[in-house]
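# Breakdown of the fold
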Amino acid sequence: MATAPTQISRRTFLVLSQAAGAGSLVYGWRFTNGWQDAAAVAKWSTANGWSFGFDDYTTDPGTCGGTGPGGKCEIYPGHTTINGSVNQSSGTITLVVPASVLHALGANDQWGRPTQTAAKAGARFYDGTAFSFQNSSPDPATQGWMTQLDNTPAFDFLLPR
């Protein structure tokens, strides 16, 4: 398993009490998983507390929570349950993503495009960024247009050995 610890600023944890009446919170660790983005998430709601999940690149079925043709907003439903923890006093969220869902770029094919392979220890992942969002829905699995609260700069990282 790969652990992706990330620090979200302590001020975003203060939003927990404010979000109780306004919706839910979604903390996402988004990174390039092979050819496309993926995300591990920590979701918080007043009804259910914390939950943790993972998805490959996912777009909404409507138009950012509306009706009509889908695919207008990237969403982070966390359909695959993963292990995670939250330490509010230190402002740390830890998400544990199983290596079995990770993809690395492999050797180039005959047209010079990289292939996608199963990730192994030492595999490089690109554009890892942590985001925090306030979701208008009290159910963090129901996502539309979300308000971004905080983010980290993007960086590349290696799957731990």
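These numbers were taken from a predicted model, which means no experiment stands behind them. (Residues numbered from 1 in each chain as written. Predicted model: local features only at pLDDT ≥ 70, side-chain atom pairs only at ≥ 80, totals over all residues. Heavy atoms only, no water.)

From N to C terminus, the chain includes two helices and 12 strands. Taken over 161 residues, the chain has a buried fraction of 43%. Carbon and sulfur atoms form 52% of the exposed surface of the chain, whose accessible area is close to 8,400 Å². (Helix = DSSP H or I, 4+ residues; strand = E, 2+ residues; numbered from the N terminus. Buried < 20%, exposed > 50% of the residue type's maximum accessible area, 1.4 Å probe, protein only. Areas by Shrake-Rupley, 256 points an atom, 1.4 Å probe, with all protein chains shown as cover.)

On to the pairing of strand β4 (residues 49–56), then. Both strand β3 (residues 36–45) and β4 contribute to a ladder of eight bridges, which runs antiparallel. Looking across to β4, one finds that S45 is bridged to G49. Turn length for the β3-β4 hairpin, with the two strands adjacent in sequence and antiparallel, is three residues. Bridge analysis of β4 against strand β5 (residues 80–81) gives two bridges, and the strand direction is antiparallel. Each residue of the ladder has a partner; that of F54, found in β5, is T80. (Pairing = 2+ DSSP bridges.)

The next subject is the pairing of strand β9 (residues 114–118). Sheet topology places strand β8 (residues 103–108) next to β9; four bridges connect them, and they run antiparallel. Pairing of A104 across the sheet is with T117, part of β9.

Now for unusual backbone geometry. Even without a glycine there, the phi angle at D127 is positive, about 55°. Relative to the helices and strands, D127 is located in strand β10 (residues 124–135).

The values reported here are purely geometric and, on their own, carry no functional implication.
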